[in-house]
Amino acid sequence: MFRSRSWFGGGWGRPKNPHSLEHLKYLYNVLSRNQTVSEHNRGLLVETLRSIAEILIWGDQNDSSVFDFFLEKNMLSFFLRIMRQRSGGSSFVCVQLLQTLNILFENIRNETSLYYLLSNNHVNSIIVHKFDFSDEEVMAYYISFLKTLSLKLNVHTIHFFYNEHTNDFPLYTEAIKFFNHPESMVRIAVRTLTLNVYKVEDSSMLTFIRDRTAAPYFSNIVWFIGKHIQELDNCVRNDADHQSQNRLSDLVAEHLDHLHYLNDILCLNITDLNQVLTDHLLHKLLIPLYIQSLSSMTKLSDSNEAQATQNLNRVFNKNLNFNEHSQYDFINGKVSCVVSLFLLSQVFLIISNPLLVQALSWIILKSDKLMLGKGVDKLLNFYEVAKRDEENTHLNSDVLTDGSSSSKENLAEEPKNITDEEKEKLVSPTSDENFDKPFLETIFNALDCAENDYTTLFALTLLYAMANNKGVLPEHVELVLRPKKSLVSSSSAKDIKYTYNNNLVDRILHIVILSCQPSCRVRLVTLELALKLLVQLVMCDGKNILNEAHKSSIDTAKSQSTALLRNFYKSEEIFLDMFEHEYCDMSKGSLNVEWLCMDSALLLPPTGTPLTGIDFTKRLPCGEVERARRAIRVFFLVRDTVLTLNGDVETQLPLTNPQTSVQIDQALDLNNSDLIACTVAWKDGKNKRRFLVIDIMQLILVEPDPKKLGWGVAKLVGFLQDIEVTGDQDDSRCLHITIHKPLSSTTGNRVPLLSAKFIFDDNIRCMAAKQRLSKGRIKARQKKMQHIARLLDIPGQSGPPSPAFVGAGLYGNRTGRGIRDNRPLFHNVRVPGFAAPRRESTPGVIHRTDADRRRKDTESPNGTIKKETRSREPSGSRAKSREGSPRMPRPRSEEIPLELIKKSPASIIDMAPKIAIIPRPQIVREEVVNENQKVVVAEVSSSIETSFIADKSTPKKKGLVETI
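Because the structure is a prediction, the values reported are computed rather than measured.

Our focus in this paragraph is the overall build of the chain. When helices and strands are tallied, the chain shows 34 helices and 15 strands. Relative to its 964 residues, the chain shows a buried fraction of 47%. For the chain, the share of sequence-separated contacts (at least 6 apart) that also reach a separation of at least 24 residues comes to 70%. Total accessible area computed for the chain in this model is approximately 48300 Å², and 50% of it derives from carbon and sulfur atoms.

Encoded structure:
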């Protein structure tokens, strides 16, 4: 009844140190006494196997005698004996055994210890053992064990697995049986294992793989990929309403895995394997299934176009009457044009092996209808002939350059299965215009996006992928997808002539111009890719080689994109925020075409609803806000392309340049500047005394500079347009201010830079700060809107750029440590908290000096009265004209005591004699008779803010104030 609960039966005779040779001997005795697996001892065996793996890993790093004892007792034979048993509980023990072996081989670092474990061929016996793979745990641990073993392969350990005498390689042959396993983890493990095997540079082993396994294995892979493509095509065909996005995403991801796996094999540059793999891919997959689906715009592809058009017309509330099922004629052995373009784009974006992509690119760009009807073998024979002719041409040109003539012996032997007529057709110098290329014609026809851009996007991706694939010969894409440079001899010197594909550029420019229309159905990603391809087509040696007609077309597109955005200018309150947000979002990076082709949602017909979860740039806009966003992005894309083609640098964007603004810890000259003292109370409970400075575009919190009197150090900086100010209902001296971080290309979310309570000395300063912050925010946004108006060529917005961009605020010349400037930092030099009299509501005050000056100003030198026009100007222009004029500092005598402000408005006339006012400049002088029949002089300013009434008679003493 005192029986222990441990697996080892009470621990009698068990060593106290679990990491020791004695403990391994103890575990060996446990295995010896329990060689038959049963329901009673299976737990004991599992714990014993786990402990053995732990001790062996410890011994690998600390005590070599542990492995000596393990080999001496041949303990791996116990493992095999346990596996081969079919008694109850053996499957449970097999799982632990495979896990133990996996952990053991994964953690051993000593090569000698590894050789010990791989000796006696016990590991190969474990590999070929017939496990119960219906058990998911057994399957998972078994394939993981094989992958771990493959990671240990090198030129020294390969002989433990590959037996050259028996021509047997169980690690590889057993693994490739699971290449088509339903579990993706198993398939990925098999691919990893095969790559690890191919990397080992052992000629006999590679010969075995080429002769015994390469052809059947690669043939099965190609068949599996083809079956997978048919399933993907069926999914696209039957999901016009975006109901199977998850399934489609899995199929596209699986196809990408296949292509990356094939590319990894090809990148190993094993000539024999590459030849076998390339032959299978070209003859059984890429040409018959991928390329020949482009032979014509079949009814199947037309049905996809019809689906896209119907979907788009549902979005735009247009009804079309047609029977969508009548066009579903499935073509055996082919897929839809959309799927074919998409898959070929992925092939050229991922695979760069010259042996493969050169054949594909030549067939797509150079083959004609005569070659098309001959079959795959004939098509490849035509390619081989053209390839040899190109090599001979280069060889002959090199020989002629050296001064020697070429001989017939240097020519390559022609294939016997091509007739003389076909040979003459192939090598004849036929012009491109007369050369009917069905595959290229299909791609060009797909660029027509009058109805929608469903196929246009994939045609552009394929053209871009072929043009930028490093394995494609320049001769194949020259003059088709790249500009051609040639030397033209003249009487004086040799000139360089640039030519490009006019037909393709015409089609791309048509896409660009169509994208600038208000109701077009071209997605933003299609426009961006079209412009990206256009730049590659017409830029050569850093020069723009567009002809005048095409230059006029791109200028037209720029004008139309500007006009399109002009329609949304100020139509939404958040227009400025959208403008800056879209610019920052686009500045994060250019379009990555390879990432674009990973998106399975592009295979479905274009939609205009965000409910599908598709990114905004990959679908059509929904609502006015998204249409405004699209117009902004179209403007940016076309503008950037025009600048690139003209070789210009962007100087007007972004609207805010943080690098030229005041930065944190920057010293500022604050002499004669408005400073509002406040206490900033953070949410964490910290309170700090700061001075609030409000610039044209920025809010700055400063603390006094201890080194220079009148200078301050910026401790927090935020843009006025990004602030939110709210009052405190409980305390009239407090403001709650939130400052958001400015948008940038690195951060997409608007997170608060500061959210705190500002406590001022009194409510007057609090109100002054709130008013200045609110007005500053409005003015800052207005300046940026004016800047946008200048970009959009809106009339009446000419002038220099706003300070938001050029960074030339009032602080521009006052931030240096070595320069002291006594000019005030800001125009307004009044101290917050003190008020000035309202000049428009103070009757009975005579400004005699102003009257004399106004009389002189209005009289011309010949005595005639000048015509006054300033009073007829709009108030906005008058306010602007007064902003730049110098202001005289107001003396203390002009200030109104605080206690007088709190009185009722009726008391203002009574206290007029108490106010002494220095004469101020006025503009208009009028005679007014008041209700007491006394004649007074009313001095009316051109500003709405000022209006004074005074006596018309000559003052007794010039410069004094006379009251009635």
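Next comes the rest of the write-up.
Of note, Leu565 is situated in helix H26 (residues 548-566). Assessed through its relative accessible area of 0%, Leu565 is described here as buried. For Leu565, the residues in contact, after removing those within four places along its chain, are Phe575, Phe579, Ala631, Ile632, Phe635 and Leu792.

In this structure, the second largest pocket occupies an estimated 910 Å³ of space. Lining the second largest pocket are 31 residues, and of these Glu528, Met586, Gly589, Ser590 and Leu591 lie nearest its centre. Secondary-structure elements contributing two or more residues to the lining of the second largest pocket are helix H25 (524-538), helix H27 (575-586), helix H28 (593-596) and helix H29 (623-646). It is H29 that provides the largest number of residues to the lining of the second largest pocket, a total of eight residues. Residues belonging to the lining of the second largest pocket are distributed by class as follows: 13 nonpolar, seven polar and 11 charged.

It is worth spelling out the pairing of strand E10 (residues 723-727) at this point. When E10 meets strand E11 (residues 734-740), the two strands line up antiparallel, connected through five bridges. When the bridges of E11 are listed, Thr726 appears paired with His736. From the end of E10 to the start of E11, which pair antiparallel, there are six residues.

A word on the state of the cysteines. Summed over all chains, the structure comprises zero disulfides. With no disulfide of its own, Cys734 lies closest to Cys766 among cysteine sulfurs, the gap being 6.8 Å.

Further remarks concern the pattern of salt bridges. Inspection of every chain in the model, using the stated rule, returns 29 salt bridges. Note that Arg210 is salt-bridged to Asp211, the shortest N-O span being 2.9 Å. Given the relative accessible area of 30%, Arg210 is considered partly exposed. Between Glu703 and Arg690 there is a salt bridge, with its nearest N and O atoms 3.4 Å apart. Placement of Glu703 in strand E8 (residues 698-704) and of Arg690 in strand E7 (residues 687-694) is noted, with a sequence separation of 13 residues between them. Given the relative accessible area of 25%, Glu703 is considered partly exposed. Beyond isolated ion pairs, a larger network of salt bridges with shared partners links Glu582, Asp585, Lys588, Arg629 and Arg633.

The contact between H26 and H29 brings their axes to 9 Å, and the two run at 150°. In terms of orientation, H26 lies roughly antiparallel with respect to H29. Considering the relative orientation of H26 and H29, their crossing is left-handed. Along the contact surface, H26 presents Ile554, Ala557, Lys558, Ser561, Thr562, Leu564 and Leu565, while H29 presents Arg630, Ala631, Ile632, Val634, Phe635, Val638, Val642 and Leu645.

What follows concerns helix H3 (residues 65-72). Of all the residues in H3, the buried ones are Val66, Phe67, Phe69 and Phe70. The buried residues of H3 occupy an angular sector of 160° when projected down its axis, which confines them to one face. On the buried face of H3, the contacting elements are helix H1 (21-33), helix H2 (42-62), helix H4 (76-83) and helix H6 (111-118). The first or second residue beyond H3 is Asn74, which carries a positive phi of 50°.

Relative to the helices and strands, Ser113 resides in helix H6. At 3.0 Å, the side chain of Ser113 and the side chain of Asp60 are in polar contact. Once residues lying within four places of it in the same chain are set aside, the contact partners of Ser113 are Asp60, Phe67 and Ile108.

Okay, unusual backbone geometry next. In this model, Leu653 is joined to Pro654 through a cis peptide bond whose omega is 5°. Its place among the elements puts Pro654 in the loop between H29 and strand E5 (667-669). For Asp665, which is not glycine, the phi dihedral falls at a positive 70°. Structurally, Asp665 can be placed in the loop between H29 and E5.

What counts and how
Residues numbered from 1 in each chain as written. Predicted model: local features only at pLDDT ≥ 70, side-chain atom pairs only at ≥ 80, totals over all residues. Heavy atoms only, no water. Helix = DSSP H or I, 4+ residues; strand = E, 2+ residues; numbered from the N terminus. Buried < 20%, exposed > 50% of the residue type's maximum accessible area, 1.4 Å probe, protein only. Contact = heavy atoms within 4.5 Å. Areas by Shrake-Rupley, 256 points an atom, 1.4 Å probe, with all protein chains shown as cover. 1 Å grid on protein atoms, 1.4 Å probe; cavity = no way out; pocket = protein on both sides within 12 Å on 5 of 7 lines; lining within 4 Å. Points joined across faces, edges and corners; volume = space filled by probe spheres on them. Nonpolar A, V, L, I, M, F, W, Y, C, P; charged D, E, K, R; others polar. Pairing = 2+ DSSP bridges. Disulfide = S-S within 2.5 Å. Salt bridge = Lys/Arg side-chain N within 4 Å of Asp/Glu carboxyl O. Axes fitted to C-alpha atoms, helices over the stretch in contact; angles between N-to-C directions. Parallel < 35°, antiparallel > 145°, perpendicular 65-115°, else oblique. Left-handed = near helix turned anticlockwise from the far one by under 90°. Arc of directions from axis to C-beta. Polar contact = N/O pair within 3.5 Å; in protein donor to acceptor, adjacent residues only side chain to side chain.

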